[in-house]
Every structure is written in C-alpha cells, then in structure tokens.
Amino acid sequence: MENIILNLNNQIEPIEFISYFFAELTYIIGIVLNLFLFLFFKRKTNTKRISDFITNIVLILGLLILTGIYFNTFLYSNDYEVYFLNNLLTLDKNILLTKISTTLLLLLFSFTHYKLNRKIKTKTPILNSILLLLATTGSLLISSANLLLTFIFLDLSVFFIYKYASSMRIRKYEPYSPDFILLSMSSSFLFYSFYILTLFIENDIQTNIIKVCLFLAFLLKIGLFPFYNYQLDKNHKTNLSYGALLFIYLPFLGICTFDKISLYANFNSYICQTPIILFLLFSIMIFSIFALKQKNLIKFFANSNSIFTLIIILNIILFGSSNLNINAGFDCAILFMSIYSLLAILKINFNINKINLNTIKSIFFYNRFFALTLSILVLFMSSVIYNDITKSFMEIIKNFYLFDSYMYISVIIIAFAFIMILLNTLKLIQNIYHFDKNTIKEKFKKRTTINYVVPVFSILFLVVKIFL
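Residues numbered from 1 in each chain as written. Predicted model: local features only at pLDDT ≥ 70, side-chain atom pairs only at ≥ 80, totals over all residues. Heavy atoms only, no water.

Describing the layout of surface pockets
Okay, step 1: When its volume is computed, the second largest pocket comes out at roughly 620 Å³.
Okay, step 2: Taken together, 24 residues line the second largest pocket, and the ones lying closest to its centre are Asn94, Leu97, Thr98, Ser101 and Ile326.
Okay, step 3: Only helix 5 (93-113), helix 10 (240-261), helix 13 (323-350) and helix 17 (449-464) provide two or more residues apiece to the lining of the second largest pocket.
Okay, step 4: With eight residues, the single largest contributor to the lining of the second largest pocket is helix 5.
Okay, step 5: Counted by class, the lining of the second largest pocket contains twelve nonpolar, seven polar and five charged residues. (1 Å grid on protein atoms, 1.4 Å probe; cavity = no way out; pocket = protein on both sides within 12 Å on 5 of 7 lines; lining within 4 Å. Points joined across faces, edges and corners; volume = space filled by probe spheres on them. Helix = DSSP H or I, 4+ residues; strand = E, 2+ residues; numbered from the N terminus. Nonpolar A, V, L, I, M, F, W, Y, C, P; charged D, E, K, R; others polar.)

Pasting the structure below:
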C-alpha cells in the first residue's frame, strides 16, 4: 500500500484500483453472502441472526479498510489525490473521511434497528443486501467527479431506500408509496431533462438558469422542498427504519453531494446564486414553521434536520467545499441517529405504530435514564446545551453575516428557525417530565442495550469534538 501511495499517477492498474476500492468490494461480497442465505437457508431459524452478523462484520471491515487507507495516506503522502476511469472517480483524504462517515452511520443504523427488522414476514437477508447496496452507491457517489454520475448514484441510493422500506410491507402486491415513487420520478425527470439541455446551450445566462433548475432537482431528490417532499409519504410514521434512512442518511448524503459538485459546478454567478439563496432561505422558514406545529416526533425531527441540512447547503453555495460542511452534516446525522435509536426503544417495548408527544408523557418516572438521555439530545439539537453542532453553526452564521450586507436577513431567518425548534423542544421536555398517574409508562422489559450505547457515544462525541 505504501508503494502505491508513494507512486501516485493517473495510470491505475487493476490491482491498484481494487486496493483503493476494496471497501466497496467487501460490501459486494456481503451482498452475495446475504443473497446466498436467502436463496438456500431462508427457512432456517437462525438465518436472520446470521445475516445481521455478516452485514455488521462487512460494514466494520469496510470501516477498518477505509480508516487504514486514510492513515496510510496521512503518513506517506502529503498531496494525496488519485483519478480513475478517465477522471470519473477520484479519491483524496477528504473523500476518505466522508466515506468513513457514511459507513459509520449505516453501521449505527444496523446496530440500532435490527430488532425492528426481524418480523416474521420480513426478509432480513434482502434488507441487509439492500443496506450494503446503499453503502456501495453512497461510497461511489462520494468518489464521483461528474455531475451526471453523481446524480445517478444519488438516484440509486434513493431507490434502494425505497426498496428497503417496501421489502418490509405486509401486503405483497400493494405499492408501498405512490407519493414516494411520484416524487422521486419527478426529480429524476427534471434533472435528466435539464442536463440534456446543457449539451446544446452555450449562452451563459441560459446555462446559469439551467444550473438553478438542476440544483432544485437535486433538492427535490433528497426531499428538501417545502411543500412537496418525502413527508407526504405517511409510511415513515409507522416504519421507523424507513424514516431513519429517509430523514437522516439521505440528507447527509445530500450534503456530501453538494459539497462534491461545488468543486466542478460553479454557482458563483449572480443569476445562479441569488434565486438559490432566496429559495433556501424560504425553505428554512417553511420547515421551521412545520417543526413548531409537529406533534409526531418522527416528523418533528425530520423537519429539524431539514433546517440544519439547508443551512449547510446554503454555506456550500456561498463558500464552496470545505471540511466545515461535512463536519457539521456528520454531527447532525450522528445526533439524529441517536434520537432515532431512542425512538426505536419505544417502538420495540411499547409495540406502537406512531410515536408522538403523548407517547413519552410522564416517561421520566419509570425510565429515568431514557428520559435524561433524550432530554440532553434534544437540548443539543436546539443548541441550549453547547456542543460541536452549536460551534459549527455559529461559524456558519458568522460567515453569512460577514459575506454581504444583505445576508443579515439569513441570520434573522436562521435565528427564527432555531426559536421554532426550541419551542417544540420545550413541549417535548415538558411531556417527558409531566406527572400524571394515568399516563405513567411501565419499565422497558425488552433488552436494547446497543440502542443506549449509541446516544451515550453521541453525547460524548459532540462534547469532546468542541475541543478538537
């Protein structure tokens, strides 16, 4: 490996290509093993447990491989950047760190949602195969250095999220979500149509207008349109795993996408930048109002994460690619993955379909550690307790304020959004510590130790990172 890194060039041999993308190859091997289990051992009692074990081992191996490559590049190369397949794929230190982040997110998802995916009618090996396909397409998306290829991998990732959720449905021949299908197809149609137009247009003004349309197609694909997004699909209220992938993993993948395409897609022109900034600020306002009104916890956290994602994307549009974007996006993803891990505990123990404010009413009096952990996480989310997310957003807001005399408006809108999140957070905490004998919950009886490990890790991670 040291020799490969020390002798970087664009003429990559097959063995070198495999060494750089060995993590993706490991995911493919895991997919093959899961499909083998499904085809030949699906009626065996322990098939689901074996499939979960294989999937987690594969994701851990992928994480270790990517980490190993990163530290090798850190030790043996100062300027590490390699191109593959005529510059369609690229690899550098930042890309490796981003790949590590996405793999870690999927590993935490697998740890904390496996009990929800072991129902009698659920085909766990198929679900795990799709999860590894998500890891593969996400990793290739981060490595892609072409606008069209980036959208194709994003399109595939969204499709695999849908397949993951639809594989858990009970009614075999019913479409899982017509709304999801229509939204995803609309975004794909818009992107490919406008992308074809770019091949025939040379006028700068028209090109910038088309860039705005392509940008909006990307936003539509990751579900960040104010009134037309994946929250229209009601299935995420009852399928927590679906919600976690749709409202945590996909927005983080969207941040990685925009951070990547900002390197080769210029958004700096006035014609292009102004409408995008206005649309992002309008979206932040709408999602903040939605966040205030939500009693359903899944939708409340989905709206909150959408606000954070839009703020980071706005930073990308104004200042381009930077480590701050990925760092803030990953912090938010870890935070919300931890919150969803606690929601999974509720779903596993109470066997409920929808999780709203009434679900957690008076929960402190019999589940104090759960109540304390959830309270800390939502106070992190609303920045009442200072943490690395607060630190990152303060840096972003300072950049906005110093960017232009008119950007003070964005600071006001972001402050408004955080106030809306805080108001609903206070309602949530009030319900946790509300005392009513008729609403006091029983102690959790089912073992969910890993689901507690992730939030505790998240709290320590977000506090320690302040000093790094």
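Some points on the confidence of the model for the protein
Parts of the model with low pLDDT should not have their predicted coordinates read in detail.
Okay, step 1: Of all residues in the protein, 90% attain a pLDDT of 70 or more, and the chain-wide mean is 85.
Okay, step 2: The least confident element of the protein, judged by mean pLDDT, is helix 1 (residues 2-6) at 40; the most confident is helix 12 (residues 297-319) at 93.
Okay, step 3: Contacts from residues 1-10, a stretch scored under 50 in pLDDT, to residues over four places away or in other chains number 22 contacts. (pLDDT = per-residue confidence, 0-100. Contact = heavy atoms within 4.5 Å.)

Some thoughts on helix 17
Okay, step 1: An ideal rise of 1.5 Å per residue puts 22 Å on 16 residues; helix 17 measures up with 23 Å between its terminal C-alpha atoms.
Okay, step 2: The complete set of buried residues in helix 17 reads Asn451, Tyr452, Val454, Pro455, Ser458, Ile459 and Leu462. Buried residues of helix 17, seen end-on, are gathered within an arc of 155° and therefore sit on one face of the element. For helix 17, exposure combined with an orientation more than 90 degrees from the buried face picks out Thr449 and Leu460.
Okay, step 3: Looking at the buried residues of helix 17, the elements they touch are helix 5, helix 13, helix 14 (368-381) and helix 15 (388-403). (Expected span 1.5 Å × (residues − 1). Buried < 20%, exposed > 50% of the residue type's maximum accessible area, 1.4 Å probe, protein only. Arc of directions from axis to C-beta.)

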